[in-house]
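So the chains spell out like this:
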Amino acid sequence: MMDLSERSKEIELMDGFQGTENELELVLTDINRVNAVLGGNAITLEAVFRLLRKHPKKSYTILDVGCADGNMLREIALRARKAKIIIKLIGLDLNDLSLVIAKKKSLKFPEIEYLNQDVFTLENMDLDIVITTLTLHHFRDRDIPKFLHRFSEMASIGVVINDLQRSRLAYYLFRAFSVIFIKTYTAKHDGLISILRGFKKKELQNFADQLPNIDHQISWKWAFRFRWVLQK
Ligand SMILES: C[S@@+](CC[C@H](N)C(=O)[O-])C[C@H]1O[C@@H](n2cnc3c(N)ncnc32)[C@H](O)[C@@H]1O
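The structure reproduced in this document is the subject of the present report. (Residues numbered from 1 in each chain as written. Predicted model: local features only at pLDDT ≥ 70, side-chain atom pairs only at ≥ 80, totals over all residues.)

## Some details on the site of the ligand
Here comes step 1: With respect to spatial proximity, 19 residues lie near the ligand, and among them Gly 66, Ala 68, Asn 95, Val 119 and Thr 133 are the closest.
Here comes step 2: Mapped by element, the contributors of at least two residues to the shell around the ligand are helix H1 (21-38) and strand E2 (86-93).
Here comes step 3: Broken down by class, the residue content of the shell around the ligand amounts to 10 nonpolar, seven polar and two charged. (Near = placed C-beta within 6 Å. Helix = DSSP H or I, 4+ residues; strand = E, 2+ residues; numbered from the N terminus. Nonpolar A, V, L, I, M, F, W, Y, C, P; charged D, E, K, R; others polar.)

## With respect to the sheet that holds strand E5 (residues 155-164)
By definition, the strands of a sheet pair up through backbone hydrogen bonds, in either a parallel or an antiparallel sense.
Here comes step 1: If you trace the seven strands from one edge of the open sheet to the other, you get E3-E2-E1-E4-E5-E7-E6, paired in mixed fashion. With partners counted over all chains shown, the strands left at the sheet margins are strand E3 (112-116) and strand E6 (215-221), one partner each. Looking at each pair of strands side by side, their axes are set apart by 15° on average, direction ignored.
Here comes step 2: Where E6 meets strand E7 (residues 225-231), seven bridges bridge the pair, whose relative direction is antiparallel. Each bridged residue has a counterpart across the sheet, and for His 216 the counterpart in E7 is Leu 230.
Here comes step 3: Its contacts with the sheet place helix H2 (residues 40-54) against strand E1 (59-65), strand E4 (127-133), E5, E6 and E7, and it is angled at close to 165° to E5.
Here comes step 4: Packed on one face of the sheet, helix H5 (residues 144-154) meets E4, E5 and E7 and runs near 140° to E5. (Pairing = 2+ DSSP bridges. Axes fitted to C-alpha atoms, helices over the stretch in contact; angles between N-to-C directions. Contact = placed C-beta atoms within 7 Å.)

## Comments concerning unusual backbone geometry
Here comes step 1: Geometrically, the link from Trp 222 to Ala 223 is a cis peptide bond, its omega value of 0° lying close to zero.
Here comes step 2: Mapped onto the fold, Ala 223 is located in the loop between E6 and E7.
Here comes step 3: Positive phi values are uncommon outside glycine, yet Ala 68 reaches one of about 50°.
Here comes step 4: Tracing the backbone through its elements, the reader meets Ala 68 in the loop between E1 and helix H3 (71-82).
Here comes step 5: The phi dihedral of Phe 224 is positive, around 60°, even though this residue is not glycine.

Right under this line is the structure:
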């Protein structure tokens, strides 16, 4: 019987990816398909645009931590263009190959720039919103409070986190789902590890309790996600 009482420490294949650019592109296409079919990106988009409406400014800077191929950033850019919102988008990722793909896919998006860096070595920046999707579960428990503290200080409006619920049902449903919707072994393997590295609501609440001066809204969203909005 799988033990889900604690977050798994197993490493995802993507975190030490050894394949070619083409192979990585196939894995990222799989991840984007999962997000599209299960509505993963919409969870973040809805919160980001609600925050923008609540905090009117001439222009905004948004940082996406763990942006991979920049799919979320392009979705934000398109929606901002439609709403005539001036926005600068920065994608940060430590995987240089992902950023090669991100830059290629973002040639028509001058509002997006990319930084190849580990988030834990990033200098202070002027930011309005920080988003991170399916990336928090890559961090160790002891690093998460540091990340939350630093980026909720840096973001003038707020931080939007979107990550997975650690649940047996999610694990088995994803296994069935992946037979039809996922083509690469890496995305199938990492999808399951991601769920085991995901969170229970009370764990997110415990992290939130370590930041008492921040307002936290943690909500469960289909499919087996938590959206956590932090505001000063
Ligand atoms: C599962 S992918 C998520 C990609 C995308 N945000 C999404 O929602 O599909 C996690 C990404 O986080 C990046 N990552 C993990 N640890 C990181 C760190 N310490 N600093 C920057 N990026 C990191 C990985 O390289 C990977 O591209």
